[in-house]
Structure formats: structure tokens, C-alpha cells
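# Structural overview for review
So you can see what is in the structure, the chains are spelled out below.
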Amino acid sequence: MSRLPAHVHRLEAFAVEAADWIAQRLEHLAESRGNLVIALAGGSTPEPIYRELAKRPLPWKAMVFTFGDERCVPPTDPSSNYRMAHEAMLAKAAEQGSRVIRIAGELDPEKAATLCEAELRELAEQRNEEILRHDLVLLGLGDDGHTASLFPHTQALTETERWVAANHVLKLNIWRLTFTYPLLNAAKNVAFLVNDVRKERVIQEILAGGSGHPAEGVKPTAGSVTWLLGHKPEASGP
Ligand code: 6PG
């Protein structure tokens, strides 16, 4: 199947309009199958979107939340993507019957990646999928062109078999846990959430093609890519 062109939406009220877009996409997807598997983006950009989504009548009971990446910290750590999402939305989602597949950042990175992948493979089997096809993957973008924790010049960029990898990021001297291209590119829908005008150049380089930025490697073989872009002038957070 040919790859679909990327769709770019420039949003005025970023959090509300991005939440609207996600909610509409989920309602549409909910009509077609039992459960809905959504990968959450980390970082600071998505938090207000998740707070908005928590106010909506989503098909919570049908939803399975995963994480496109995680820091190697406990779930209570201020830098944990799980903690951010839990406080903004997942506490409510879990009350409403959603399932959450967390990446255990508190464990040894290799072990955490293996455990998460095992859970995802079990879910794929339940969905009769060779490789888990997320209904929607939400991703952020770093100003160096990284997405999830697929940073430039890191090992995980070359992973072709595993779905979740422990990835050493030399420039930050840290370990991260990340979905790999095989898993990301099996998605039915991918949405990049970017709300920082300083990332415009990187976005344009990616959309033009041939940039070499890791985010450009997210090209679902049978899925859509959408860019939901805000125009926040100041930094998008830590
Ligand atoms: C993370 C992310 C990462 C993030 C970008 C953008 O764990 O940090 O998954 O890919 O989405 O770095 O981060 P901001 O939204 O904070 O700009």
C-alpha cells in the first residue's frame, strides 16, 4: 500500500483543537473494532492535550494506552512520562476502565524493554496481528529531530526486529526506553504534536524529505501521518 502524504494542521487553540482532533479520530476508530490501542507521547507538549482529553466522553473502556517512550526513572519521578500522563489523564481513564501498559522505567533498561515488548506481543496476539498495529500513535518532536527516544546517532535507530528498545543517548549520557521504527511504522495513524515555533525549521526539513532526522523515519507502511502544530513562541518546557 502506498504511503499516505502527511497532513498538516495549524492550530490556534493548540491543546483544545489537538484534543478535538484526537477525540474525533478515536470516535471514528471505535466504530470499527473492539479495543483501541493508543501510544502516548512524552515530554511537556502533550500534557495540556491530555488534560483536555480527560474532560471528553472518550470510549475509555475500549482504550489501551501504551507509551512511545519512557525515561529510566520510577513512575513517581517528576520526569516520568507515565507520571505526567497519569496526573493529566490516565488516573481518570483507568477509573473508566482503560488499560495502561506502562514501560517500567524503574527497572534495568534491557529488562524494562523486554517486559514491555512481551505485553505488547500478547496484545498483538489478542488482536490477531503479526505486529501490533496501534490505532493511533502520538509523538513529540525534539529540536534535534528526535521523536519518542529515537535520538540522532543512537543504536535504536537501526533496530529492525525488536518493538521496544533500551537506547543509550550519548549526548545526554542517559538511557531511554523507546518504541522502534518497526512498531511505530505498523501504526494505522500517527500524529505529531508540536507547539513550539522554534521547531518549524526541523518540521519543514522533515516534510521536505531527505532530512535524516529520526522523526522522518516514522513512515507507517499502511497508515496516516498528521502534524498538529501550535505556534507557542516561548520554549515548550524543560
Ligand atoms: C520525551 C519524549 C520526546 C519529546 C520531545 C519533545 O520523553 O521527552 O518522548 O520525544 O516528545 O523531546 O519534548 P517537549 O514536548 O518537551 O518539547
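Our subject in this report is the structure included herewith.

Conventions we followed
Residues numbered from 1 in each chain as written. Predicted model: local features only at pLDDT ≥ 70, side-chain atom pairs only at ≥ 80, totals over all residues. Heavy atoms only, no water. Helix = DSSP H or I, 4+ residues; strand = E, 2+ residues; numbered from the N terminus. Salt bridge = Lys/Arg side-chain N within 4 Å of Asp/Glu carboxyl O. Buried < 20%, exposed > 50% of the residue type's maximum accessible area, 1.4 Å probe, protein only. Pairing = 2+ DSSP bridges. Right-handed = clockwise from strand over helix to strand, strands pointing away. Axes fitted to C-alpha atoms, helices over the stretch in contact; angles between N-to-C directions. Contact = heavy atoms within 4.5 Å. Phe/Tyr/Trp six-rings, centres within 6.5 Å; stacked < 30°, edge-to-face > 60°. Expected span 1.5 Å × (residues − 1).

### Quick notes on the environment of Pro 75
If you trace the backbone, Pro 75 turns up in the loop between β4 (69-71) and α3 (81-95). For the pair Pro 75 and Glu 27, spaced 48 residues apart in sequence, the C-alpha to C-alpha distance is 29 Å.

### Re unusual backbone geometry
Phi at His 153 is positive, roughly 60 degrees, even though this residue is not glycine. Mapped onto the elements, His 153 comes out in the loop between β6 (136-139) and β7 (164-169). Despite not being glycine, Asn 173 has its phi angle at roughly 50 degrees, a positive value. Within the secondary structure layout, Asn 173 lies in the loop between β7 and β8 (174-179).

### Looking at the pattern of salt bridges
Evaluated as defined, the whole model comprises 19 salt bridges. Residues Glu 52 and Lys 55 are paired through a salt bridge, measuring 2.8 Å at the closest nitrogen-oxygen approach. Exposure remark for Lys 55: the relative accessible area of 61% places this residue in the exposed category. Here Glu 205 ties to Arg 201 by a salt bridge, and the two come within 2.8 Å at their closest N and O atoms. On the criterion of helical spacing, the pair formed by Glu 205 and Arg 201 is a turn pair, its members being four residues apart in helix α6 (residues 200-208). For Arg 201, a relative accessible area of 54% translates into the label exposed. The network of salt bridges with common partners includes Asp 20, Glu 52, Lys 55 and Arg 56.

### Remarks on the pairing of strand β9 (residues 189-194)
Where burial is concerned, most of β9 is hidden: six out of the six residues are buried. Of the two faces of β9, the one lined by Asn 189, Ala 191 and Leu 193 and the one lined by Val 190, Phe 192 and Val 194 are each fully buried. As paired strands, β6 and β9 are joined by three bridges and run parallel to one another. When the bridges of β9 are listed, Leu 139 appears paired with Phe 192. Where β9 lies against strand β10 (residues 224-229), six bridges are found, and the strand directions are parallel. When the sheet's bridge partners are listed, Val 194 is paired in β10 with Leu 229. Assessed by its sense of winding, the connection that carries the chain from β9 through α6 to β10 is right-handed.

### Brief notes about the sheet that holds β4
Spatial strand order, β4-β8-β7: three strands in an open sheet with antiparallel pairing. Only two strands of the sheet have a single partner each, and these edge strands are β4 and β7. In this sheet, neighbouring strand axes are inclined to one another by 25 degrees on average, regardless of whether the strands run parallel or antiparallel. Judged from the three bridges that link them, β4 and β8 form a sheet pairing that is antiparallel. Residue Glu 70 lies in a different strand from β8, and its bridge partner there is Leu 177. Relative to the sheet, helix α4 (residues 109-126) contacts β7 and β8, its axis offset from that of β7 by approximately 155 degrees.

### So, the packing of aromatic side chains
This structure, assessed with the given rule, holds three aromatic pairs. Where Trp 60 meets Phe 65, the ring centres are 6.4 Å apart and the plane angle is 35 degrees; that geometry is what we call tilted. Owing to a relative accessible area of 2%, Phe 65 belongs among the buried residues under this scheme. Centre to centre, the rings of Phe 67 and Tyr 82 are 5.9 Å apart; their planes meet at 55 degrees, and the pair counts as tilted. Of the two residues, Phe 67 is situated in strand β3 (residues 63-67) and Tyr 82 in helix α3; the sequence distance between them amounts to 15 residues. A relative accessible area of 19% means that Tyr 82 is categorised as buried.

### Comments concerning α4
Here α4 contains 18 residues, and its C-alpha end-to-end distance of 26 Å stays within 8% of the 26 Å for a straight helix at 1.5 Å per residue. Elements in contact with the buried residues of α4: β2 (36-40), β3, β5 (99-100), β7, β8 and α5 (181-184). Two residues or fewer after α4 comes Asn 128, characterised by a positive phi angle close to 50 degrees.

Note that every value here comes from positions in space, so none of it alone points to a role or purpose.
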